[in-house]
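Per-entry structural report
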Amino acid sequence: MAKAPTSPQGDKPGPRKRAPARPADLAHGRWLGDFPDLSAAEKRLIACSARGEPWEPEGWDGKRPEAESEASTLRAGLVRFLLLGGDARHPVHERGVAIAGAWIVDRLDLVDLRSTLGLMMVDCHFAEPIMARNARLAGLCLNRSAFPALNAQGVDVQGDVFLNGVQAQGEVSLAGAAIGGQLSC
């Protein structure tokens, strides 16, 4: 017969931690619990974003990834969650979201997003087009990243936009964009 788990003191079983209930007042994608089965890379991204530190894959060689790997893969929805400031238990530092060397799966959908944070994603590979129509950001940097397309029509960036060395297979559109700083591409 199996023994019941004991508390660190060795006497009676300790209380089981219950997962927090989903907040009813939050839209989908605004609570970390909406992203089940976080990988080690994603957990590190959340921790780095809370501390205002850039994230890069474990053992990164400083180059854009050529293929999806466990160390470099991040979900686009999680990046959006962080750009929106995270949630009450997982806030993002005012420095914003900084990522280098990631393979981004799914579509990064920032359409109509309103954020006071900046997004820096350098040397990243995006599996699907980036959609940022009518988004509002503090800054945007996609230097040396590769993506199928970028639709940032009507984007409002309070600071700088850097698109140096990007590789786009399709259209890159900033039509109607308002950029408060410099545009470098």
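Please read these numbers as outputs of a predicted model, since none were measured by experiment.

1. Things to note about the overall build of the protein
Of the regular secondary structure elements, the protein holds two helices and 18 strands. A total of 185 residues make up the protein; the buried ones form 42% of that total. Partitioning the intrachain contacts of the protein with sequence separation of at least 6 by distance along the chain shows that 36% fall at a separation of at least 24. Accessible surface, the protein as shown: approximately 10300 Å² in total, 51% of it carbon and sulfur.

2. Structural notes on the sheet that holds strand 4 (residues 97-100)
What the five strands build is an open sheet, ordered 4-6-10-14-18; its pairing is parallel. In the strand order of this sheet, the two ends are held by strand 4 and strand 18 (183-184), each with one partner. Sitting on the sheet, helix 2 (residues 76-83) touches strand 4 and strand 6 (118-122), and the angle it makes with strand 6 is about 145°.

3. Comments concerning unusual backbone geometry
Positive phi values are uncommon outside glycine, yet Asp106 reaches one of about 70°. Residue placement: Asp106 occurs in the loop between strand 5 (103-105) and strand 6. We classify Asp106 as partly exposed; its relative accessible area is 40%. Located in the positive-phi region is Asp123, a residue other than glycine, with phi close to 55°. Relative to the assigned elements, Asp123 resides in the loop between strand 6 and strand 7 (125-126).

4. A look at the confidence of the model for the protein
Detailed reading of the predicted coordinates is not advisable wherever pLDDT falls low. With 82% of its residues at a pLDDT of 70 or more, the protein has an overall mean of 89. Contacts from residues 1-9, a stretch scored under 50 in pLDDT, to residues over four places away or in other chains number 11 contacts.

5. With respect to the sheet that holds strand 12 (residues 150-151)
Taken together, the three strands give an open sheet; going across it, the order is 8-12-16, and neighbouring strands pair in parallel fashion. Edge positions in the sheet fall to strand 8 (130-131) and strand 16 (172-173), since each has one partner strand and no second. The pairing of strand 12 with strand 16 spans two bridges and is classified as parallel. Its bridge partner lying in strand 16, Leu150 is registered against Val172.

6. Points about the packing of aromatic side chains
With the rule as written, the count across this model stands at one aromatic pair. Their ring planes at 75° and their centres at 6.2 Å tell us that Phe126 and Phe147 sit as a pair that is edge-to-face. Of this pair, Phe126 sits in strand 7 while Phe147 is found in strand 11 (residues 146-147), placing the two residues 21 residues apart along the sequence. Accessibility expressed as a relative area gives 2% for Phe147, which makes it buried.

What counts, and at which threshold
Residues numbered from 1 in each chain as written. Predicted model: local features only at pLDDT ≥ 70, side-chain atom pairs only at ≥ 80, totals over all residues. Heavy atoms only, no water. Helix = DSSP H or I, 4+ residues; strand = E, 2+ residues; numbered from the N terminus. Buried < 20%, exposed > 50% of the residue type's maximum accessible area, 1.4 Å probe, protein only. Contact = heavy atoms within 4.5 Å. Areas by Shrake-Rupley, 256 points an atom, 1.4 Å probe, with all protein chains shown as cover. Pairing = 2+ DSSP bridges. Axes fitted to C-alpha atoms, helices over the stretch in contact; angles between N-to-C directions. pLDDT = per-residue confidence, 0-100. Phe/Tyr/Trp six-rings, centres within 6.5 Å; stacked < 30°, edge-to-face > 60°.

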